[in-house]
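Notes for the structure review
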Amino acid sequence: MSSETSPLLNYRLYNVAGGFAESCVAASQEEVAVSQQDDSRKLSTFFGVVVPTVLSMFSIVIFMRVGFVIGQAGFLQSLLMLVVAYIIVSLTVLSVCAISTNGAVKGGGAYFMISRTLGPEFGGSIGLMFFLANVCSCAVYILGLVEAILDVFGELPNAADTETRGIHVLPQNYLYDVLYASSILFLCLLVCLVGAQIYARTSFLIFLVVHIVLITIVVSFFAVSPKTILIVKQSGNESRIIYTNYTGFSTATLKKNLMDDYSVDYTTNYMMTFATVFAVMFNGCTGIMAGSNMSGDLKNPSYSIPKGTVIAVIYTFLVYLLLFFLVSFTCDRALLKGDYIFFRQINVWPPFVVIGVYAASLSASMSTLIGASRILHALARDDLFGVILAPAKRTSMTGNPWVAVLYTWLMVQSVLFAGKLNTIAGIVTIFFLMAYAAVDLACLALEWASAPNFRPTFQLFSWHTCLLGIISCLVMMFLINPAYASCGIVVMLILLVVIHYRSPTSSWGYISQALIFHQVRKYLLLLDIRKEHVKFWRPQILLMVANPRTSAQLITFINDLKKGGLFVLGHVEIGDLDTLPTDPIQPQYNFWLSLVDKLNVKAFVDLTLSPTVRQGVQHLLRITGLGGMKPNTLVLGFYDHCVPEDYFLCDPAFKDAKENDHFGVDIASLQAHFPPVRDGETSRSLTEAEYVAIISDALKMQKNVCLARYFFTMNKKDLFAKKRPERVSIDVWPLNLLRPDSTNYVDMCSLFLLQMACVLTMVVSWKGARLRIFLCIESGDDSWIKKEEKLRELLDKLRIKATIKIVTWDDVVSLHWQSRLSGEEHEAARHSSGDPSALISDEYLRAANRMVLDQGFHTAVRFLYLPRPPADAARSQRYLEQLDILTEGLGPTLLIHGLTPVTCTDL
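Residues numbered from 1 in each chain as written. Predicted model: local features only at pLDDT ≥ 70, side-chain atom pairs only at ≥ 80, totals over all residues. Heavy atoms only, no water.

1. Section: the overall build of the chain
Helix and strand counts for the chain come out as 37 helices and 12 strands. By residue count, 55% of the 907 residues in the chain fall in the buried class. Residue pairs in contact within the chain that sit at least 24 positions apart in sequence constitute 82% of those at least 6 positions apart. (Helix = DSSP H or I, 4+ residues; strand = E, 2+ residues; numbered from the N terminus. Buried < 20%, exposed > 50% of the residue type's maximum accessible area, 1.4 Å probe, protein only. Contact = heavy atoms within 4.5 Å.)

Below is the structure:
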């Protein structure tokens, strides 16, 4: 590092990372044999949680930051900063304790808790940021330790006296600095390769050394007599000598140190403020996850993590408070602001403080190295980044992820060659704060979801503490550095999107589903059907599907037609549960849901088991949906005996058997589950009388009915191809063609037809289609102008943009039975038949069919009026024959009978 920033600026920088020595020491011992798990989980609460957490929260800050904070902010503001900082970290501690006591915590620590609660996207993005933060932190700590060593033992070329030269024996330049740093990193590597147990023992030794040094510091305040201390300030080539005092315990000194006195920081030449000093103070208090991140090596994580973390937080707070008090009572402000390593000046034996700095730096280096390797191993085990991290899954016989350790060592070594980490050290702070916020978010989500299985044994938390923790972490991020905070959030979002689109398979459970369930239940209770209004009507469709191989195009079309309404795919399985050992319906849901994903439609699936299709449809019409979200429209495929082409064999996406569904149902399994439809299969499973009875049942239940024909011929890519010279049209025939005497174009059913066609034109993919409405007139009828004006006026009121087409149908209507009989014969025939439609001839129907077909001009879909089925079940076959003749060869056609009001002219 450059001489302008050494040594104390770098102390400050790696202290910024120093609060993060906890840095996710994660051990992902996933699904190993029980005996092996017992062998690898050996750490107790004290060694596995208390020791690393205390070291992380002390780090080098305990020796380097206390004087800086008191000197700049004064005793009162320093106490305020300490209390506020510990309140912020304590809020996250409460969340960590709650999650860790809610179930078995495996290796991975904070990453494990976040990923298993918020899902792989958040877990993977935060986990990777944890890893990078630990890598950079390790490099910063090592370079800082090198600076501290060279400050005492490095060569001073301009030094004159022989005694000084005898101490400063280590040569200094870029290559030597990298060599020293690499040697320290290699020592840390050897410790981490052996395993977590030797790391714990090493940490305990460092723990003892740090506390011995702290004891000497405390004792020094009482044992060392007041004295004058000389401070040499170097400014360019000139040296300035400042005389300051260690006064011993003095109320006068305390009074001088009570209030703030912000000035220029001699290590950075920046003017200090409350915010900048608080950021420095806060970074020294953030080591709270060091213990929880050792979860993979703890004997009892759910017990050790909350107990050890709380003990460590309380203990470190008391130590900081004691040091703040002692320093404010005994040290002149000039000493505190002029020498941040003043503990060395007043210690009973000055080398003690140097040893403490070295020990704390070495501990932080090992902690971050082993922490980064455990995070990498956990990410590799979860397969969030594919083959890139696959080798990092390997472990030794004792469960130590040695390959992940080597990966991490190489990355830290590469960072060491950079030599300067000022920028990286700053953004590392943001990464860790984001992780703390993510833990609070995970706990908040679990609490808000009100999941019955979220019952942690640690109860000293609430959603208020979680929310305050999130807000506090976010505020601190932007208080420390707004630019780095924004950069960190952007990086997290990018990683989140990348992992989301990779669609990792996980069985961890998604808190989003629990939250959605919780909120949907609330809103469904608020959705009162008594408050429905026609202004806000929308189609809520139940589409009955026998086999999706022949219905895929219809499914996608109805998905366009739903206009944000409910869309349910219904299917009836023939059978009797009394005669079956198990319910055959439940295993089928996964295949149907995978089909919905593959077709990319927004639909629910509802299946039922029934002795007949008719009874099954009745069941679905009654029970499908919940509260105010229930189907109001039934859509059936047309009853004919044609066998459409198999969509699974025609569509390229279904031919590719390599792509897997998110939940394990691949395309080959999907094709095997839905067998090809054979000729005559429909007629065997559903009779004509039963089919017509289903229509009648739906109308009796006040459901609108749509019959769809020829939709297997629809190809939207061809319809809306850019090279197509003409716009496609949507044709609406609002007249009941089986009752030409009924010339009312504005009855309930006609308005329903217009509404459904208009809904289709509002869909983005159908915006290029034009809407055409056909008005049938006879040559001698002079009232057709009034009918057109009335229809156009209605369209204007309904805000429907459409072209009205006038069709003269004398040749067609002349074939109708009413036109061939006199008035008396007409009445006699109508009363004798009981059903006027029974008198309609096939000749008339074919003529009407030709008329509709002749008016087609680049027609994409036709909407026709569906007559009511006959009351006499014996007339069912004739009714279907008439519909068959009327719609033969028309292409995609929707026959609609609407019962409910769907349009409104009011605002």
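What follows continues from the structure just given.
2. Some thoughts on the packing of helix α11 (residues 251-258) against helix α13 (residues 301-330)
At their nearest, the axes of α11 and α13 sit 6 Å apart, and the two run at 110 degrees to each other. Compared by their axis directions, α11 and α13 come out roughly perpendicular. Facing α11, whose interface residues are T251, T253, L254 and N257, α13 presents V327, S328, F329 and T330. Split into classes, the residues belonging to the contact of α11 with α13 amount to three nonpolar, five polar and no charged. (Axes fitted to C-alpha atoms, helices over the stretch in contact; angles between N-to-C directions. Parallel < 35°, antiparallel > 145°, perpendicular 65-115°, else oblique. Nonpolar A, V, L, I, M, F, W, Y, C, P; charged D, E, K, R; others polar.)

3. Quick look at the sheet that holds strand β12 (residues 893-897)
With respect to topology, 10 strands assemble into an open sheet ordered β5-β4-β3-β6-β7-β12-β11-β8-β9-β10, the strand pairing being mixed. The sheet terminates laterally at β5 (604-610) and β10 (803-808), the two strands that pair on one side only. Ignoring strand direction, the axes of neighbouring strands in this sheet form an average angle of 25 degrees. With three bridges joining them, strand β3 (residues 541-544) and strand β6 (residues 633-637) adopt parallel strand pairing. Within β6, the position partnered with L543 by the bridge is V635. (Pairing = 2+ DSSP bridges.)

4. Some remarks on the environment of I806
Tracing the backbone shows I806 in strand β10. Residue classification places I806 among the partly exposed residues on the basis of a relative accessible area of 33%. Leaving out residues up to four positions away in the same chain, I806 has contacts with L775, I777, W784 and E788.

5. Comments concerning a positive patch on the surface
Taken together, the side chains of R538, K563, K767 and K801 define a basic patch exposed on the protein surface. With respect to the helices, strands and loops of the structure, K801 is situated in the loop between α32 (784-797) and β10. By relative accessible area, K801 is classed as exposed at 78%. (Patch = residues over 30% accessible without salt bridge, like charges linked within 9 Å, V, L, I, M, F, W, Y side chains within 5 Å. Areas by Shrake-Rupley, 256 points an atom, 1.4 Å probe, with all protein chains shown as cover. Salt bridge = Lys/Arg side-chain N within 4 Å of Asp/Glu carboxyl O. Lys, Arg positive; Asp, Glu negative; His and termini not counted. Charge placed at Lys NZ, Arg CZ, Asp CG, Glu CD.)

6. Thoughts on the packing of aromatic side chains
In this structure the tally under the stated criterion is 28 aromatic pairs. Look at F75 and F325: their rings are 6.4 Å apart centre to centre, the planes differ by 65 degrees, and that puts the pair in the edge-to-face class. Taken together, the residues F75 in helix α5 (residues 66-100) and F325 in helix α13 connect sequence positions 250 residues apart. Put simply, the rings of F58, Y86, Y315, F317 and Y320 pair up and form one aromatic cluster. (Phe/Tyr/Trp six-rings, centres within 6.5 Å; stacked < 30°, edge-to-face > 60°.)

7. Regarding helix α19 (residues 463-480)
Because an α-helix completes one turn every 3.6 residues, residues spaced three or four positions apart along the sequence face the same direction. When the terminal C-alpha atoms of α19 are compared, their 26 Å separation across 18 residues agrees well with the 26 Å that a helix rising 1.5 Å per residue should span. Those residues of α19 not exposed but buried are T465, C466, G469, I470, S472, C473, M476 and M477. All buried residues of α19 lie within an arc of 165 degrees about the axis, which places them on one face of the element. (Expected span 1.5 Å × (residues − 1). Arc of directions from axis to C-beta.)

8. Things to note about the side chain of N632
Looking at where N632 falls in the secondary structure, it is placed in the loop between α24 (613-623) and β6. At 2.8 Å, the side chain of N632 forms a polar contact with the side chain of T633. When neighbours within four sequence positions are excluded, N632 is seen to be in contact with W537, R538, P539, Q540, K703 and N704. (Polar contact = N/O pair within 3.5 Å; in protein donor to acceptor, adjacent residues only side chain to side chain.)

9. Describing the pattern of salt bridges
Within this structure, the stated rule accounts for 12 salt bridges. Residues D383 and K393 are paired through a salt bridge, measuring 2.6 Å at the closest nitrogen-oxygen approach. Of this pair, D383 sits in the loop between α16 (351-381) and α17 (402-416) while K393 sits in the loop between α16 and α17; the two residues are 10 residues apart in sequence, bridging distant segments of the chain. With relative accessibility at 38%, the residue D383 sits in the partly exposed group. Given the relative accessible area of 27%, K393 is considered partly exposed.

10. Digging into unusual backbone geometry
Of note in the backbone geometry, K563 takes a positive phi value of approximately 50 degrees without being a glycine. Inspection of the secondary structure puts K563 in the loop between α22 (552-561) and β4 (567-574). We note that N600 has phi near 60 degrees; this positive angle belongs to a residue other than glycine. Within the secondary structure layout, N600 lies in the loop between α23 (589-599) and β5. Exposure remark for N600: the relative accessible area of 65% places this residue in the exposed category.

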